[in-house]
Structures are given as C-alpha cells and as structure tokens.
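Results of the structural survey
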Amino acid sequence: MSSTKFHTRSSKIGRRDFLKLMGAGAASLGIAGIAGCAPKPATPAGPTSLDFIVWSYGIETILDNIKQFEAAYDNAFAVSLKDIAWGEYHESMVARFTAKTPTDVCYNGGDWLPEFAKAGWVVPLEDHFPQALDYKSDIVSYALSDITYNGKLYGLPYYCDITSFQYNAKLLEESGIDGPPETWEELTDQLEFLKGKGFDPPMALEIAVELPTTFDNFTAMAYGRGGEWFDENFDPLFDDPAGPMGQQLQWMVDNYKAGLVTYIPHETDVQTQLNTGKTIYTVLWNYNLAALNSAGTSPLAGQYTIGLMPGATHETQGMAKMYNMTQMAVDRGQEVMDACWKFIEYFAGKHNGEYKVAERWAVEDGLGFGIIPLYDDPDVKEAFAAFFDPVVLKEQASLARSRPHPEWEGIFTEFARMQIVSAAAGEIAVDEAIESMSNRAKELKEQYA
Amino acid sequence: MVARERLRRLTRSIRFSAYWMIAPAVLLVVAFTLYPYIYAIWSSIRVTSPLLPPAFAGLKNYEAVITSIYFLRSVKRTLIFTAASVPITVLLGLLTASLLNRRFIGDIALRALVLLPWAIPISISGVIWRGFFNGGWGALNALLYMAGIIPKYIGWLTTPNLATLVVITVQVWTQFPFATVLILAAMQAIPEELYEAAAIDGAGLLQRFFYVTLPSIRAMLAIVIIFEVLMGLTAFDLTYALTGGGPGTATTLISYFTYAESFKMLNFGNGAALAVILAAVSLIMILAILQLIPKGALIGGEEG
C-alpha cells in the first residue's frame, strides 16, 4: 500500500509540476508577448537597409559596385546582396515573393516582367519616380520594349544583349571556308565539310530542358528565318510546322542526328568545347564572345568573332535585363522607396552624369548595355573592339528585336522548352512539338484572359 | 474499494502523463509530416497559382498531369533509373561492407574514406562527374583515347542511352557509401559466436555468408533497399547538375516535373497532384518490398 501511495503521490506531484511548468511557460510567453507589444525604445537612426536579389553572375563586381554606391551616399544605405543560380532564378523569385521574403530591388527579365507585374510583385518605376522616364530616350528600342509593361516603365536596364552567331574565324579560314554562312542550309553544307576535316562536332548549341537560355537560343535562330511566336494579340504565329519555327526545329533535328551539332547544357561548357579547337560554330548570348576572346579565360582568345545570324532576314533576339523595385519596398515606406530609386539610378542610370556601372560591365565583361550614349564612350569602344567585330555587331544589333511578352510567357517558355529539346533530340516529331506548343499557348491565353 | 479506486486513479494519471509526454513528438509529426501531406492533397484538387484566383478543380489536375506529354516517358525513365541503380547500389554496398568487416592495416582509414562520395553534396558530385564524362574535353575520353581503347571521343553525356548509363553510374557512386555504412553496422552487430559455431560445423566462407551474415542483416537490407528506392524515385539534383536532364529529356526524371509544374509553370495544383502520385507510387513500392521480406525481419524476429 505504501508503495502505491508513494507512487500515487509521486504521480500527482509530477502532473502538478508539469502543469506548473506549463503555467510558468505560458506566463513567460505572455510577458514576452506584452514586452513585444510595448513601444520599442528609440533606436539611433542607422542606414536604410535594402535587400537586393540577383542571379549569380559577376558577384564580386556587384559587391564592389554596392560598396561604391554606399560610399557615394556616405553610408546612408546598407545593401544586402543575395544571389540565386540563373537556372533557378524564376522559380526562386516566385517562391520568394509568395512567401514575402524581404526583397526591395531585384534583377528581372522582359520575359518575366508581365508575370511579376500582374502578380503585383514588382511596381512601375515611373509611378513612384516620374524622373525615370527621362532615361527612355537613352535606351535602345528592343531594350525599352522589354522593360515596359502595359505602357509603363517598370525598371531601368542592367544589361541589354543580343543572341549572336559566333565562330572561330581562324580555324574556319584554315579549314578552307571563306566566311560564315548566309543561310542555315549553307551552314549544314559547311558543317558536313568541317566534320570531314576532323571538326567533331563542328557546332555546339546550349540546349537543355532545365536551362531557360535554351528558349532564347532557339528563338534567336528562328528569328534569323523571320520567325515569330505571337502576334500583337498573343495568338500563336508559329503553329505551321512548315513555318520558320518548325523549319528551325527540323534543322536542329537533322543536324543533331547527322552528328553535326551537339547539345551542351551550359554556356561555360560550350565555351570550353569551342576552346578544344574541335568545334567552330555556336549560338550564344553575345557577351560570351568577351570570355572567348579574353586571354585570361580562353586559350584561343582572339580567334572568335560574330557573324550575322543565318537565315533570310538575319534577325536575332534582343533583350534587356533590368532592375525592378518591388511592392515589398513600397510597403516599407517612402524612405525605402527613395533608397531604391537612388540605388537603381546609381546602378542603371547616371551618377554624376555618367553611366558608371553599365560602362563597367561593358568594359570588364563585354556585357551589352542598350544605352545609346555608351556606344560613343571611348573606353567602351576600345574594350568592345577587343571582344567583337564592331561593324558586324552594330549591324546585328540593328536587326535585333525583343520577343512579345504575354503575362503567361514565363509559363509558356517553360512548357515550350520541354517540347523544343524533346523534338530537337528526336524524341518527338517536330509537328507534334509545334502542335503542343500552339495548343498550350491558346490554353494559357484563355486561362489568363 | 479505496485501494482499487486509488489504483484506478493511478492508472488514469499515468496514462494522462504519458499523453503529455508524447504530445510534443506527435505535434512535430503532425506539423512536419501530416500537415504538408494533407495540404498537398488539398492543393492537388484545387487551382493553386499566384496568378490565378483559387478554385476547386476536382480531379482535373490529376488528369492534366497524367495525360501530359512528359508523364509516361518520365515515369518510365524514373523506373528504369531506380530499377537499375538500387540493386547495384545494394550489392556494391554489401560487397564493400563485407570487405570492410575484416581487420587489416588501414581498415579504419578506409572506412572513413569510403564515406567520401556520400559526404560530397550531390550537385557537386554532378559537376565533378560532368567534367569527367564530358564528350569534348572530359578526362574519361582522354584516358581511353590515349590508351588506344577508343578511336575517337565518345559523347557520354550527349548520347541518350550513354547519358542514362552515366547518370545511373553516378547515382550508384553517390549512394553506395551510405548503404555500405548501414550494412557494415548491421554486420558488426552479429555475435562472433555464430561464425565460430558455423566454422565448427564445417561451414565455408560462402556458407557462413549465406547462412549467418545474410539472415542477420535482413532487417538492415530491407531498410537500405527502401531508402535507395526512395532516393531513386525522388532523384533530381544529380541529373540537374550532371546532364541538365538531357540530351533532349533522356535523363529528365519525374521529380523534375513536380518541381517544374509548381515553381516554373506556377501551377501548384498540378505539382501537388504529381507529388501525390509520386508519394503513392513510393508507398506501393515500399509495401511491395516489405511483402517480399520475411515477416519479422524488420524487428529482428524469426522468419515466419
């Protein structure tokens, strides 16, 4: 009995102790809560903090630019940088905005702008800072088109570039070919000839189902044939398999099957492939030529150049990446918005009368700028002359156009990329891919109407 | 009567305390396992997108993913990938564990070293192996070419069947160390007396392995197989880093589309439907594996 009594008491004590502990815990939480609700003691005014989100490119340069920006404003601002891998940028930003993870200024692309703007994640810059409109006259047309949505200027350009047809001019000449091809069919003839000369594979394309740039590369090649995705009402223009899009996809299938073209999943690997000296041709964002022609990064530096995109029209895709201010920044108040504007203007616009950051990207990394006055900047001209053929570049840039951007373009491009890579590798027929993409575009237009 | 009443109170009191004791664990399971799963099922029957108003969708999301252009192909690829990588991983783990279960000079260092592939993040492994297998400038082609084994470089990552083989190889490389460690731990728990008794009975090396070692590690083997099946069915980062899912979609597995539907195409309803299907397939496979394992093996009991 005594044992039972002891255990009973012991058990009761345990429960009471437990309840006491719970009570004490609740009381502590309550006190903490009250303390949390109490007015906070005044804190000394510090720098305005900004969360700046970018994709992973040139991080050291960005950090240095941030340092210079903070110094230029006597450390009135403290910028926190977060970078995300390019391949995951779109979905990471969607997750970030959905979860309301602090984001004040971010990189964005013309293809995602309508989606982000419609969701209310980024805001029109001109609504809050009308002086942003003064920059419009300095920006090339295809870039302006990419940073504008529903007639409103949403950001200022980080960089603007074209997708270009690139080749090793030295090896091409040594192989006995006079110059780059005018058409895709002529290119096939050249590739067959080059393969016979031991260049294997003679052409490498940056194509992968999980890589957003795949869609850009395909679009640029099809633009060379005069292709287009959508009309002004965002109805498909590509649904005829015998049209330019279908023709280009078929060209890829045929040349891949013949072993004349290989698909490589990242631009840096394409550069390495070209630097083996076994591959002559590629299609990449133009800034890759800067890396290919830099002695520090390329053993065959100086041998690469730009050719006009093969095809009837020689057109290509031009685009702008931009700095956007977010709704979260607006929600934080005027002080933060002012900081955002100063930051965006420093990075994308003029500071002390100069496009300092855009010029730096151009000179050091060969990034295109789309800022008209920079074309006459002597430093930029000198740097670009080492990377590109300025005459062909200018001609190709004049033939560049941006894609039409429906609000659902980000979703469509993800779907279309799957079809393009499947068809290009011969997994599905070109007709099937074109039909799937066309049906999907129509569905999305209806769904998002 | 008083004593009985006290006993009854005591019993109730103990039971009451027990509920409180397990409550934190139950809450954690509910919060981190049950709730996400129920939420996934809920999302899978709704239109869930940051760009569209929420609405009830019924089974439309399931219909959309099952009839999609990628579903059957990626399911087939995932099953091939899992069916090929799991047996090789487990057999290699078993073999390596058997070797490491002996005393020899440097055995401890070797046991630590064997964990190295598992300790490297899978995405980093993918990048390392991408350099090794690259068709244009990879180390493997250079070695084979210099040794006169191949007349010209092979597109390991750009030829669909070869790329599949490469992905399976690297999956095995990243997974077998963990399998080895788990199996080795089970082997080291086998009483030495069993081997001595078997030896006295005249059992040879192979007989001791099949009649002593293998039955003693059945439970661990079951766990390793289930774990590896799940790793195979949900593999994503390896192909992402190694092949980018290509060439074409030759190495794009179903888990990529779960991710792509949700975050790239912003259709969380479709993504959730796919995740639920994947979870159901995993569950069926786990149950099938458990059916194949003798009853009681997982709790160390005798074969039923």
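None of these values were measured; they are calculated from a predicted model.

Rules used throughout
Residues numbered from 1 in each chain as written. Chains lettered and ligands numbered in written order. Predicted model: local features only at pLDDT ≥ 70, side-chain atom pairs only at ≥ 80, totals over all residues. Heavy atoms only, no water. Domains from an automatic or database assignment. Contact = heavy atoms within 4.5 Å. Buried area = accessible area lost by both parts, 1.4 Å probe. Salt bridge = Lys/Arg side-chain N within 4 Å of Asp/Glu carboxyl O. Buried < 20%, exposed > 50% of the residue type's maximum accessible area, 1.4 Å probe, protein only. Helix = DSSP H or I, 4+ residues; strand = E, 2+ residues; numbered from the N terminus. Pairing = 2+ DSSP bridges. Right-handed = clockwise from strand over helix to strand, strands pointing away. Polar contact = N/O pair within 3.5 Å; in protein donor to acceptor, adjacent residues only side chain to side chain. Patch = residues over 30% accessible without salt bridge, like charges linked within 9 Å, V, L, I, M, F, W, Y side chains within 5 Å. Areas by Shrake-Rupley, 256 points an atom, 1.4 Å probe, with all protein chains shown as cover.

Quick notes on the domain arrangement of chain B
Residues and elements named next belong to chain B. Here chain B is described as being made up of domain 1 (2-44) and domain 2 (60-299). Placing a centre on the C-alpha atoms of domain 1 and another on those of domain 2 gives a separation of 37 Å. With five residues of domain 1 at the contact, the number on the domain 2 side is seven residues. Together, the buried faces of domain 1 and domain 2 total about 440 Å²; carbon and sulfur atoms form 63% of this surface. Of all residues in domain 1, the largest losses of buried area upon contact with domain 2 belong to Tyr37, Ser43 and Ser44, amounting jointly to 79% of the total for that side. Summed over the shared surface of domain 1 and domain 2, the number is zero salt bridges.

Some details on the pairing of strand E1 (residues 48-55) of chain A
Residue and element names in this part refer to chain A. Where burial is concerned, most of E1 is hidden: six out of the eight residues are buried. Bridge count between E1 and strand E2 (residues 77-84): eight bridges; the pairing is parallel. Each bridged residue has a counterpart across the sheet, and for valine 54 the counterpart in E2 is aspartate 83. In this region the chain leaves E1, passes through helix H2 (residues 59-72) and returns to the parallel neighbour E2; the handedness of that crossover is right-handed. Pairing between E1 and strand E3 (residues 105-109): two bridges, direction parallel. Bridged to isoleucine 53 within E3 is cysteine 106.

Some details on the interface of chain B and chain A
Listed by partner, the interface residues are 42 residues for chain B and 47 residues for chain A. Note on chain B versus chain A: buried area summed over both sides is about 3,900 Å², and carbon and sulfur give 61% of it. Of all residues in chain B, Leu51(B), Lys264(B) and Met265(B) give up the largest surface area on contact with chain A, accounting jointly for 17% of the area buried on that side. Arg73(B) is the partner of Glu427(A) in a salt bridge, and the nearest nitrogen-oxygen pair spans 3.3 Å. On inspection of chain B and its partner chain A, the count reaches 10 residue pairs in polar contact (both at pLDDT 80 or more).

Describing a nonpolar patch on the surface
Residues and elements named next belong to chain B. On the surface, Tyr19, Met21, Ile22, Val26, Val30, Leu34 and Ile38 cluster together into a nonpolar patch covering about 700 Å² of accessible area. Along the polypeptide, leucine 34 turns up in helix H1 (residues 2-44). On the accessibility criterion, leucine 34 (45% relative accessible area) is partly exposed.

A short note on helix H15 (residues 356-365) of chain A
All names here are of chain A. All of the buried residues in H15 are Val357, Ala358, Glu359, Trp361 and Ala362. Each element contacted by the buried residues of H15 is listed here: H2, E3, strand E6 (155-168), strand E11 (316-325), helix H14 (334-348) and helix H16 (378-387). At the C-terminal side of H15, glycine 366 shows a positive phi close to 70°.

A look at the pattern of salt bridges
Residue and element names in this part refer to chain A. Scanning the entire structure with this criterion turns up 24 salt bridges over all chains. Between aspartate 64 and arginine 360 there is a salt bridge, with its nearest N and O atoms 2.8 Å apart. One end of the pair, aspartate 64, is in helix H2; the other, arginine 360, is in helix H15, and 296 residues separate them in sequence. With relative accessibility at 27%, the residue aspartate 64 sits in the partly exposed group. Between arginine 403 and glutamate 409 there is a salt bridge; the shortest N-O distance is 2.7 Å. Each of Asp111, Asp216, Arg403 and Glu409 takes part in a single network of salt bridges with overlapping partners.

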